[in-house]
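Tertiary structure, described
What follows is the residue order along each chain.
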Amino acid sequence: MGSLHRASKTLKSLRHQLLLQATQQFDSSSRLSGSSDYRLLLARALCSHPRQNAKEAVDLTQYPPERIRNFSIIAHVDHGKSTLADRLLELTGTIKRGHGQPQYLDKLQVERERGITVKAQTATMFHKGSNEPQPFLLNLIDTPGHVDFSYEVSRSLAACQGALLVVDAAQGVQAQTVANFYLAFESNLTIIPVINKIDQPTADPDRIKDQLKSMFDLEPSDCLLTSAKTGQGLEHVLPAVIERIPPPPGEGSGLLRMLLLDSYYDEYKGVICHVAVVDGMLRKGDKISAAATGQTYDVLDVGFMHPELTQTGVLLTGQVGYVVTGMRSTKEARIGDTLFHAKTIVKPLPGFKAARHMVFSGLFPADGSDFEALNHAIERLTCNDASVSVTKESSTALGLGFRCGFLGLLHMDVFISDLNKEYGTHIISTVPTVPYIFEYSDGRYYL
Ligand SMILES: Nc1nc2c(ncn2[C@@H]2O[C@H](COP(=O)(O)OP(=O)(O)OP(=O)(O)O)[C@@H](O)[C@H]2O)c(=O)[nH]1
């Protein structure tokens, strides 16, 4: 107890010193001006000593691609992806049984309130099978099930070689099961069918096996039967992942190429990028460039999600993790971009198709004088949701406002309620519209 207290005091004073250094540097540097530079400096000071979890430091160099498996969990809404993810995290000792909230990877407030996954989340686990001499490093990506967020699913699949296709043992195959199956199939992923919720009285696994065979040509003998609620059948999931999903391809000794999967803004660290290392190796202190923007950055911190950010100082071929580079805004982190070592020439990775906005709505401040506040709130919110498009709009009745594009109605609803809740802005939103093409018989058309 005493030594813990001392350690915590030492850490606190170290943090204090770093903040002091950052403040002194800020005062003395004539090049730095404005609060954003100050924030950046603070973020750098804090990034070099991030919030570490109490687990032992992990040496990622011990995990060559042969001992890595990257997989996603995909399913229709509520078929049990996040609950299954919880159980796998518990089975591997990544989180403690009964500790933390259910649906651990659903971290956003909106996810907890609505019981849905909105943003894909990655967690790294270590698992040693009973017949295996060495442990495996498993990267699990929990994805959203709702159709509005299928863009998140396709991005996540780009970092994986396999997917667990979870199907409710009573409901069977649903619309998003089909859509997500084809996303995984087109990406050439190994698909492991998991029939979940077999504890339900109405469960009928044999009927679901037949459905999976007739619709997707998945063999009944390949189906795993589980209950993420009771734990039944879960012992077969990770061995199947290790046996059936191939290791990530990529050249360990090649030039560094990383796929930028996602980014978000953290108050303390600045922009945090989630990346998949396709070739080569990344170390803290390296200089990297972004193919889309041509910008060069210093790598201030590198690590993986275990399931909280855990510093490792290095990421190797096939590994999925995070990088902090001192980017000022998530707008600099173009999702799907290729990151590589500065001064090297590499072929950019294919990246992703741009997100398509399906629904548009005008957002106006209830009081015209709140326009700047709304502008600021939207800017902050889009920092963590780059899939919203924003253009300024003016209306004779409602004054100055914004026209925003969303991936669907649920996405719009989530965004507007976040605007109201997190920023206390009172806004008027216009009836959502969908873009359409008006085509004349003479061939002319209007959007
Ligand atoms: N009976 C039973 N209920 C389960 C099982 N697995 C999950 N559930 C319940 O099903 C509901 C949905 O589970 P989630 O894990 O949030 O489902 P999800 O697929 O992640 O949902 P989205 O993220 O919204 O797509 C929750 O109430 C879970 O407790 C199971 O094996 N048996």
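Note: the structure precedes this text.
What you see is a predicted model, and the numbers here were worked out from it, not measured in a lab.

Some details on the packing of aromatic side chains
- Inspection of every chain in the model, using the stated rule, returns 10 aromatic pairs.
- Here Phe126 and Phe304 contribute two aromatic rings whose centre-to-centre distance is 6.1 Å and whose plane-to-plane angle is 65°, an arrangement assigned as edge-to-face. In this pair, Phe126 is assigned in strand 2 (residues 121-127) and Phe304 in strand 12 (residues 301-305), connecting sequence segments 178 residues apart.
- Looking at Phe126, the relative accessible area reads 16%, which means it is buried.
- Residue Phe304 is classed as buried on the basis of its relative accessible area, which comes to 1%.

Re the state of the cysteines
- Here the structure, examined in full by the defined rule, presents zero disulfides.
- Cysteine Cys160 shares no disulfide, and the gap to the nearest cysteine sulfur, in Cys273, comes to 18 Å.

Details of the side chain of Asp168
- Position of Asp168 relative to the elements: it lies in strand 4 (residues 162-168).
- On the basis of relative accessible area, Asp168 is assigned to the buried category, the value being 2%.
- Polar side-chain contacts of Asp168 include one of 2.7 Å to the backbone nitrogen of Ala170.
- In terms of polar contacts, Asp168 uses its side chain to reach the backbone amide nitrogen of Gln171, at 3.1 Å.
- Every residue in contact with Asp168, bar those within four places of it in the chain, is listed here: His79, Asn196, Lys197, Gln200 and Ile208.

Points about the sheet that holds strand 7 (residues 257-266)
- One open sheet holds the eight strands; their spatial order is 11-10-16-7-8-15-12-13, and the pairing between them is antiparallel. Because the sheet does not close on itself, it has two edges, and the strands there are strand 11 (296-298) and strand 13 (309-311). The average undirected angle you get between the axes of adjacent strands in this sheet is 40°.
- Two strands pair when backbone bridges link them, and strand 7 and strand 16 (residues 338-341) are joined in this way by two bridges, in the antiparallel orientation. Paired with Met258 across the strands is Leu339, a residue of strand 16.

What counts, and where the lines are drawn
Residues numbered from 1 in each chain as written. Predicted model: local features only at pLDDT ≥ 70, side-chain atom pairs only at ≥ 80, totals over all residues. Heavy atoms only, no water. Phe/Tyr/Trp six-rings, centres within 6.5 Å; stacked < 30°, edge-to-face > 60°. Helix = DSSP H or I, 4+ residues; strand = E, 2+ residues; numbered from the N terminus. Buried < 20%, exposed > 50% of the residue type's maximum accessible area, 1.4 Å probe, protein only. Disulfide = S-S within 2.5 Å. Polar contact = N/O pair within 3.5 Å; in protein donor to acceptor, adjacent residues only side chain to side chain. Contact = heavy atoms within 4.5 Å. Pairing = 2+ DSSP bridges. Axes fitted to C-alpha atoms, helices over the stretch in contact; angles between N-to-C directions.

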